Amino acid sequence: MKRENELINRYLNQEITKEEVTELDELLKNKPELRREFYQQANVVTALEEEFSSNLPNENITITQPLLFNYKLMALAACLVLGIGALSFLFYDSKSQESRDIATLVSNENAAWESSLPTTPGSTLKPGIMSLKSGVATIRFLSGAEVTLEAPSKIELETPMRGKLHAGTAVVNVPETAHGFILSTPDGYAVDHGTAFAVSVNRNGKESDFEVLDGEISLHSPGGESLFLKQNESATLGVVGIFKNNSLNSKEPLPTLPLHHKNIRIQTQGKNLSIIRNDAFEYLDRDYLMVKLDTGGKPYERRSLLNFLIGEVDWKKVKNVKLRLNLVPCGLGHRVYLPKISRFKIFALAGFADIQWGENLKWDDSPTLQSATPVGNFEIPRSQERGSIVIETPELLSFLKENNQSEYTFIITRETTEIQGSGLVHAFASDYHPEASGPSLEVFF
Amino acid sequence: MPSPQEEETHSRFLGLFTTHESSIHAYVRRLVYRREDALDVMQKIAIVLWKKFDQLKADEGFRRWAFVVARYEVLAWRRDLARERERLVLSTETVELMAQETDHESEQFDLEREAVLQYCLQKLKVEQRSALEAMYQNENDTPSLAENFGRSINGFYQWIYRIRQTLSKCAQQVANDPSVPKIN
């Protein structure tokens, strides 16, 4: 290697000495072609840093809160008030242990996830939080411990020997190699001594039930209490400590969830479509609700429209509303051309919408954003391919209640653009999608 | 509670910032020796951009403006360092020269970086990719990395350099090749 290339190399590897910096400085100053080589190398280094050391926070679950809760902005506001300094961990988490693989997603059985971690079977997983929204899924930690989750549940992957169940139900199988595997819950933790056990986090995390299916485990409360449990024994961990359940063999029936007969879920019944600014309808597909913001003149900007005919609803009695979308890949565009996080905005229109839903809708014939009211934002990391997006904002609820209508139309737009052309087109399942269900509006009384 | 107008401003800022964040960061990274220093400078840039956001007349001008701020902040950082003699940095003169030069080509560099991520990394041999991953993933301990890959320390560095050169050549080819499929 030539001396000057070696100096660049040592500089970029952060291994250079003071004398060598002076030498490199002189060379760079006088040699344009060496500067070019330097830029190229530095640029590659930046790409590699971006690829291999994640700056994103561990948990990046889809945000359904209105913008003012956005963590970056909260931090910005706080920093501007308190003085600069604390911003680093928010904007730029320094690389830490997050980047290690600690588990594999073994199987998904009709599973829908919300997670910034990969959610396709066979993916390796780094520390982070995964929320299983529907179905059953199995995660194998590198130690060999296997956790099968039942939706809805939320698990935090911590190390190859440790995980935390924040909510939901799981069965843990621990082979010999993983004796000592720890599964914690909000109420304490269990150390596995080579067994299978079931765990269920109940009452919003205030209680955790453990039942040993085979072998033995020990339970530990935050207060320092502990208890050994053998096969078929069960116990509850709660705020007041550990309670062993006496009914050994005569299992009590599983508690059933209270039914919410009065709540309603409405679908769009075919009344959903995408529009594209240049009206090039061949770039749309009935199976997908596409959303994109491109650069330049924005010819390929896409928005999605959905309509819910709700019927007679006494809006005064409505306590909550959720608009649910299913993110699905449509195969158009590259995700690396997007910023790490894409932001979306939802607008709402009240009352009858004069739209021919079964046909192509021209951009200029569709409702404008000025005529609609913004009711929520959400974000999707570019790494996320699928998942359920739930919009549940006070703005959405109050818009529906205040307008007191039986029909509402929503427009979904992407706020963030792409780094360069050919960026990913985001897509949500329409009513016609072969696998995922279309948009729905859930109304809770 | 922020007013709807303030929220709108937040939203606009965040949209623009996240869109250009990676370009600005790469620009800073070309001029600043240590990764951690580059992150510090980025924080300062983010704060300045946010504080002065109301001075930006049109959103289209954000990128240009952000680069001006970035350049100023890099040079300010460089001047501050001059007081700390022990730091290993290029001279202010060289940094200024490079800031000026590299500014004009940031879009080309963006394309090349995306090409690295999109195409070129996948074309490497498994072993080459693992070496890069090991090198850039953690606070690396190079002697043990070199040993793991069966190379001397010097040999390992040279090998990494050659892999980076391969990537750089591939990136330039891909970025300048009109036949690469564009999907809109």
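Here the structure is a predicted model, which means the values were calculated and not measured. (Residues numbered from 1 in each chain as written. Chains lettered and ligands numbered in written order. Predicted model: local features only at pLDDT ≥ 70, side-chain atom pairs only at ≥ 80, totals over all residues. Heavy atoms only, no water.)

Time to look at the overall build of chain A. Scanning chain A from terminus to terminus reveals six helices and 24 strands. Looking at chain A residue by residue over its 445 residues, the buried ones come to 53%. Of the contacts made within chain A by residues no fewer than 6 positions apart, 62% connect residues no fewer than 24 positions apart. Within the structure as shown, chain A displays about 19700 Å² of accessible surface, and the carbon and sulfur contribution to it stands at 50%. (Helix = DSSP H or I, 4+ residues; strand = E, 2+ residues; numbered from the N terminus. Buried < 20%, exposed > 50% of the residue type's maximum accessible area, 1.4 Å probe, protein only. Contact = heavy atoms within 4.5 Å. Areas by Shrake-Rupley, 256 points an atom, 1.4 Å probe, with all protein chains shown as cover.)

Take the packing of helix H1 (residues 4–31) of chain B against helix H5 (residues 106–123) of chain B next. All names here are of chain B. Contact geometry for H1 and H5: axes closest at 10 Å, N-to-C directions at 105°. Taken together, the axis directions place H1 and H5 in an arrangement best described as roughly perpendicular. Note on element contacts: H5 touches H1 through Ser106, Phe109, Asp110 and Arg113, opposite Ser22, Ser23, Ala26 and Arg30. (Axes fitted to C-alpha atoms, helices over the stretch in contact; angles between N-to-C directions. Parallel < 35°, antiparallel > 145°, perpendicular 65-115°, else oblique.)

This brings us to the nonpolar core. In this structure, Val28(B), Phe62(B) and Leu132(B) are the most contacted members of the largest nonpolar core, which totals 78 residues. A total of ten residues in this core trace back to one element, the largest contributor, which is helix H3 (residues 62–82) of chain B. With residues up to four places along the chain from it excluded, the contact list for Leu132(B) reads Leu48(A), Phe52(A), Leu121(B), Leu124(B), Ile160(B), Ile163(B) and Leu167(B). (Core = buried A, V, L, I, M, F, W, Y, C linked by side-chain atoms within 4.5 Å.)

Moving on: the environment of Glu233(A). All names here are of chain A. Here Glu233 is to be found in the loop between strand E11 (226–230) and strand E12 (234–238). For Glu233, a relative accessible area of 16% gives the class buried. The spacing of Glu233 and Phe197 is 36 residues in sequence and 9.9 Å in space, taken between C-alpha atoms. From its side chain, Glu233 meets the backbone nitrogen of Lys230 in a polar contact 2.6 Å long. (Polar contact = N/O pair within 3.5 Å; in protein donor to acceptor, adjacent residues only side chain to side chain.)

Bringing H1(B) into the picture now. All names here are of chain B. For H1, built from 28 residues, the straight-helix expectation of 40 Å at 1.5 Å per residue is met to within 8% by its first-to-last C-alpha distance of 39 Å. At Glu21, H1 shows its largest kink, close to 50°. Burial analysis of H1 places 22 of its 28 residues in the buried class, which makes it a mostly covered element. (Expected span 1.5 Å × (residues − 1). Bend = angle between axes of the 7 residues up to and from the residue.)

Right, let's talk about the confidence of the model for chain A for a bit. Residues and elements named next belong to chain A. For chain A, the mean per-residue pLDDT works out to 80, and 85% of the residues sit at or above 70. Per-element mean pLDDT across chain A ranges from 34 in helix H5 (residues 88–91) up to 96 in strand E16 (residues 288–291). Taken as a whole, residues 54–98 scores under 50 in pLDDT and shows 104 contacts with residues more than four places along the chain or in a different chain. Note on residues 248–260: pLDDT is under 50 here. Beyond four places in sequence and across chains, it has five contacts. (pLDDT = per-residue confidence, 0-100.)

Our next topic: the pattern of salt bridges. Applying the stated criterion across every chain, the model contains 27 salt bridges over all chains. Arg36(A) is the partner of Glu105(B) in a salt bridge, and the nearest nitrogen-oxygen pair spans 2.4 Å. Taken together, the residues span two chains, with Glu105(B) in the loop between helix H4 (92–103) and H5 and Arg36(A) in helix H3 (residues 32–52). For Glu105(B), a relative accessible area of 24% gives the class partly exposed. Taking the relative accessible area as the measure of exposure, Arg36(A) reaches 33% and is therefore partly exposed. Across the pair Arg113(B) and Asp110(B) runs a salt bridge whose closest N-O atoms are separated by 2.9 Å. Within this pair, Arg113(B) and its partner Asp110(B) are both found in helix H5, separated by three residues, close to a single helical turn. Accessibility assignment for this pair places Arg113(B) and Asp110(B) in one class, buried. If you follow the salt bridges from partner to partner, you end up with Asp25(A), Glu26(A), Lys29(A) and Glu93(B) in one network. (Salt bridge = Lys/Arg side-chain N within 4 Å of Asp/Glu carboxyl O.)

Another aspect to go through is the side chain of Glu20(A). Along the chain, the position of Glu20(A) falls in helix H2 (residues 18–30). For Glu20(A), a relative accessible area of 12% puts it in the buried group.

Before going further, it helps to examine the state of the cysteines. Should the sulfur atoms of two cysteines be covalently bonded, the bond is a disulfide. Residues and elements named next belong to chain B. Following the criterion strictly, the structure yields one disulfide over all chains and no others. Here Cys120 pairs with Cys170 through a disulfide, and the sulfurs are 2.0 Å apart. Disulfide Cys120-Cys170: torsion about the S-S bond near -85°, hence left-handed. Taken together, the residues Cys120 in helix H5 and Cys170 in helix H8 (residues 153–175) connect sequence positions 50 residues apart. Residue class for Cys120 comes out buried when judged on its relative accessible area of 2%. (Disulfide = S-S within 2.5 Å.)

Under the defined criterion, the tally for this structure stands at 24 aromatic pairs over all chains. Centroid distance Phe38(A) to Tyr39(A): 6.4 Å. Interplanar angle 75°. Geometry classified as edge-to-face. When sorted by exposure, Phe38(A) lands in the same class as Tyr39(A), which is buried. Ring pairs connect the aromatic residues Phe13(B), Phe17(B), Trp50(B), Phe53(B), Phe62(B) and Trp65(B), which therefore count as one cluster. Between the NZ or CZ atom of Arg162(A) and the centre of the ring of Tyr189(A), over which it lies, the distance is 5.9 Å. Between the NZ or CZ atom of Arg286(A) and the centre of the ring of Tyr432(A), over which it lies, the distance is 3.9 Å. (Phe/Tyr/Trp six-rings, centres within 6.5 Å; stacked < 30°, edge-to-face > 60°. Lys NZ or Arg CZ within 6 Å of the ring centre and 35° of its normal.)

Here we take up the sheet that holds strand E20 (residues 373–381) of chain A. Two orientations exist for strands paired in a sheet by backbone hydrogen bonds: parallel and antiparallel. Spatially, E15-E17-E22-E19-E20 (chain A) is the arrangement adopted by the five strands of the open sheet, whose pairing is antiparallel. The open sheet terminates on both sides in strands that have one partner only, identified here as strand E15 (272–276) and E20 of chain A. Mean inter-strand twist for the sheet, computed between neighbouring axes without regard to direction, equals 20°. Sheet analysis places strand E17 (residues 302–309) of chain A next to strand E22 (residues 407–414) of chain A, joined by six bridges and oriented antiparallel. Looking at the pairing, Leu306(A) lines up with Phe410(A) of E22(A). Across the sheet, H1(B) is in contact with strand E19 (341–350) and E20 of chain A; its angle to E19(A) comes to roughly 145°. (Pairing = 2+ DSSP bridges.)

Residues and elements named next belong to chain A. Of all five residues in strand E24 (residues 440–444), four are buried; the element is thus mostly enclosed. Pairing of strand E18 (residues 320–327) with E24, which is carried by five bridges, proceeds in the antiparallel orientation. By the bridge assignment, Arg324 is partnered in E24 with Ser440.

A word on the interface of chain A and chain B. Contact with chain A, which involves 74 residues of that partner, is made by 73 residues of chain B. Contact between chain A and chain B buries roughly 7600 Å² in total, counting both sides, with carbon and sulfur atoms accounting for 58%. Where chain A touches chain B, the interface holds five salt bridges. Where Arg35(A) meets Glu101(B), a salt bridge forms, and the shortest distance between an N and an O atom there is 2.8 Å. Inspection of the region where chain A meets chain B yields 17 residue pairs in polar contact (both at pLDDT 80 or more). (Buried area = accessible area lost by both parts, 1.4 Å probe.)

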